[in-house]
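Each chain, written out:
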Amino acid sequence: MPPVVDLVFFDGCPHVEAARGALRRAFAEAGRQDGWSEWRSDDPSLPAYARGFGSPSIFVGGREVTGADPACSGGSCRVYQGQDGALAGAPDPATLAAALAGESA
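Residues numbered from 1 in each chain as written. Predicted model: local features only at pLDDT ≥ 70, side-chain atom pairs only at ≥ 80, totals over all residues. Heavy atoms only, no water.

Trainee: Just to check I follow, could you spell out the side chain of Ser57 for this structure?
Mentor: Along the chain, Ser57 turns up in strand 3 (residues 57-60). For Ser57, the side chain forms a polar contact with the main-chain oxygen of Gly54, separated by 2.6 Å. Aside from chain neighbours lying at most four places away, what touches Ser57 is Asp6, Leu7, Val8, Arg78 and Tyr80. (Helix = DSSP H or I, 4+ residues; strand = E, 2+ residues; numbered from the N terminus. Polar contact = N/O pair within 3.5 Å; in protein donor to acceptor, adjacent residues only side chain to side chain. Contact = heavy atoms within 4.5 Å.)

Trainee: Honestly, the nonpolar core in this entry has me stumped. Any pointers?
Mentor: One recurring pattern in soluble globular proteins is that nonpolar side chains are buried together. Among the nonpolar cores identified, the biggest contains 18 residues, and Val5, Leu23, Ile58 and Leu96 are the most heavily contacted of them. Contributions of two or more residues to this core are made by strand 1 (5-9), helix 1 (16-29), strand 3 and helix 2 (93-100). Ranked by residue count, the leading element in this core is helix 1, at 6 residues. Beyond its immediate chain neighbours, meaning those up to four positions away, Leu23 contacts Val5, Leu7, Trp36, Ile58 and Leu96. Judged by nonpolar contacts, the second largest core, of 6 residues, contains Val8, Leu46, Phe53 and Phe59. (Core = buried A, V, L, I, M, F, W, Y, C linked by side-chain atoms within 4.5 Å. Buried < 20%, exposed > 50% of the residue type's maximum accessible area, 1.4 Å probe, protein only.)

Trainee: For this particular structure, what's the right way to read the pairing of strand 2 (residues 37-40)?
Mentor: The side chains of a regular strand alternate between both faces of the sheet. Two elements, strand 1 and strand 2, share 4 bridges in a ladder whose sense is parallel. Residue Asp6 lies in a different strand from strand 2, and its bridge partner there is Ser37. The handedness of the strand 1 to strand 2 crossover, carried by helix 1, is right-handed. (Pairing = 2+ DSSP bridges. Right-handed = clockwise from strand over helix to strand, strands pointing away.)

Trainee: How should the packing of aromatic side chains be read in this particular structure?
Mentor: Aromatic ring pairs are described here by two measures, namely the spacing of the ring centres and the angle between the planes. Scanning all chains against the criterion turns up 3 aromatic pairs. Here the basic side chain of Arg20 rests over the ring of Phe9, its NZ or CZ set 5.4 Å away from the ring centre. (Phe/Tyr/Trp six-rings, centres within 6.5 Å; stacked < 30°, edge-to-face > 60°. Lys NZ or Arg CZ within 6 Å of the ring centre and 35° of its normal.)

This is the structure in structure tokens:
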């Protein structure tokens, strides 16, 4: 059974659509059908492993895909460093595809 994928964000985050797009590309790259759960960061039923991260954050099998610490971005927007060193509002699709394939962050 493939691991559960979660996207956590807060309302009004300008990077949510970029994260969704990165997820779509990563699923395609990993040869998997799209499928993830979306959570608002203030949802009281948000899983404990996803609390305290900035928006957007993506988890595969309960692990944040970049290995980031939840205290690093709190309730703010986050940025990600791509493989080319550039900053972006969502993780690199290759990083996501590796997480989907079960490789460590």
